[in-house]
Every structure is written in C-alpha cells, then in structure tokens.
Amino acid sequence: MFCPPEVGEILFKTQLVTVKVLRKMNFEAGGIDLSQYKEGDKCKLPLWLAKALDENGFVEMVDDNLLTVTELSKALWKDQHSSTPLELPEDFYLKTKLTLSRLRENVRDFDTEKELSSLSMCFEDLVNVRLQKIFQAVRLRADIPDFIKNLVLEERLLYKQLERVLSKWSKLIRGGL
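Residues numbered from 1 in each chain as written. Predicted model: local features only at pLDDT ≥ 70, side-chain atom pairs only at ≥ 80, totals over all residues. Heavy atoms only, no water.

**Things to note about helix H4 (residues 92-105)**
Helical geometry: 3.6 residues make up each α-helical turn, so side chains three or four residues apart lie on a common side. Applicable threshold: A run of H or I in DSSP counts as a helix once it spans at least four residues, and a run of E counts as a strand once it spans at least two, with each numbered from the N terminus. To estimate the expected span of a helix, count its residues, drop one, and scale the result by 1.5 Å. Relative accessibility thresholds used throughout: buried, under 20% of the residue-type maximum; exposed, over 50%; partly exposed, between the two (1.4 Å probe, protein chains only).
The first and last C-alpha atoms of H4 sit 20 Å apart over 14 residues, in line with the 20 Å expected at 1.5 Å per residue. Taken residue by residue, H4 has Phe92, Tyr93, Leu94, Lys95, Thr96, Leu98, Thr99, Leu100 and Leu103 as its buried positions.

**Brief notes about the packing of H4 against helix H5 (residues 110-139)**
Here is the rule we go by: Throughout, an axis means a line fitted to C-alpha atoms (over the contacting stretch in the case of helices), and angles, computed between N-to-C directions, take values from 0 to 180 degrees. Here is the rule for angles: anything less than 35 degrees is roughly parallel, anything more than 145 is roughly antiparallel, 65 through 115 is roughly perpendicular, and the remaining ranges are oblique. If you view the pair so one helix is near and one far, a crossing is left-handed when the near helix is turned anticlockwise from the far one by less than a right angle, and right-handed when it is turned clockwise. Note on contacts: a residue pair is in contact if any heavy atoms of the two residues lie within 4.5 Å.
It is the contact of H4 with H5, at a shortest axis distance of 10 Å, that shows an interaxial angle of 155 degrees. As judged from the angle between their axes, H4 and H5 are roughly antiparallel. Handedness of the H4/H5 crossing: left-handed. The residues of H5 that touch H4, namely those facing Phe92, Tyr93, Thr96, Thr99, Leu100, Leu103 and Arg104, are Thr112, Glu115, Leu116, Leu119, Ser120, Phe123, Leu126, Val127 and Arg130.

**Examining the packing of aromatic side chains**
Where we set the bar: Any two rings among Phe, Tyr and Trp, with Trp reduced to its six-membered ring, count as a pair given centres within 6.5 Å; such a pair is stacked if its planes are under 30 degrees apart, edge-to-face if over 60, and tilted if neither. Placement of a positive charge over a ring is assigned whenever Lys NZ or Arg CZ falls within 6 Å of the ring centre and within 35 degrees of the normal to the ring plane.
The full count for this structure, using the stated rule, is five aromatic pairs. With a centroid separation of 5.3 Å and an interplanar angle of 75 degrees, the aromatic rings of Phe27 and Phe58 are classed as edge-to-face. Residue Phe27 is located in the loop between strand E1 (16-21) and strand E2 (28-29), and its partner Phe58 is located in the loop between helix H2 (47-55) and strand E5 (59-61); the two are separated by 31 residues in the primary sequence. Classification of Phe27 by relative accessible area gives partly exposed; the value is 31%. Judged by its relative accessible area of 17%, Phe58 falls in the buried class. Ring centres of Phe92 and Tyr93 lie 5.2 Å apart, and the angle between their planes is 75 degrees; this geometry places the pair in the edge-to-face category. Across this residue pair, the class does not change: Phe92 and Tyr93 are buried. Members of the aromatic cluster, each reached through a chain of ring pairs, are Phe92, Tyr93 and Phe123. The side chain of Arg23 reaches across the aromatic face of Phe58, ending 4.0 Å from its centre.

As structure tokens, this is what we get:
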C-alpha cells in the first residue's frame, strides 16, 4: 500500500474535533450546513473547518481535544514496559498536535512553558519508543495482527510503507533470489 505524505496530511486535517459554537452561523462550508448549530452547542467538525471558524470567532475548540502531561506520561510508561505498542486512541496524534500548538500559542508564564517542555519531551519519547517497535517488527517481517491493530492510522501507514521499502530493497540486494 503506497501512501504519499499528502494523504496523511489530508487524513489529519479531516479528523473530527469538538468545538463550541460562539455565534450563529447562517451558512454552509465544506458541504456542512452550519446553520443547524446555535450559540452554545457543541459539535464535531473536521479540523480544517474548525480552525477556520475558530480564527473567525464562530467557534472555539474545546479542551476534550487536548491531552494532559499526565495522560501522555502514562501512555509513555505503559508503552516502554510492553514488548508491543499499546493501543492508543485513533486521534492520538491529532490531540497531541493540537495540545502542543495551543500551548505554544499561549506561552505567557513559566508554568505554561514548563508544561510545554514536559509535554514535548514526553511526546518525543513516546514516538521514539513506538518507532523502535515498528522498525523492529518490519525488520523481523512480523505481520502480527495484534501488533498492527494497536497502531494508530499514521503508524499503520508508516508500517506498510516501511514494509514495502524493505521488501524492495531486500529483493534488490539478493538479486531476486
């Protein structure tokens, strides 16, 4: 399965996020009738639309789209102590990117800067732990359903791409043996 990076970006931007409607919208965007929502409603919208509406004061993204340092630390600890990647929410990378972005935009004091630093380090560590497991599985050609099932979409795409590249490389080196 070949998946260019643009597809991953499209998948990311079309993931649904929760927003709170700040003012009535009497228009349609991206095929979604926004007039159905009134002030105070919570709804799920694609990230690309939620960001545009947020920037224009129609909605605000709510905190259930965000991760805490504690949640990330727990995920890291569990993954570090497991031989295979543990199951994460399918929107894990989306929530992490949104959280880091929100913190970067709002760094005004030492506590927020400290939280951003902790979250960034924890996220990097977790990504590295999971990457190591993916690389190992591809290297060993372990097409284990439980292993793949526990990967989030972005990781499954990476796994399949690495598997394809390694297979081609191996055939090339071995001369088609």
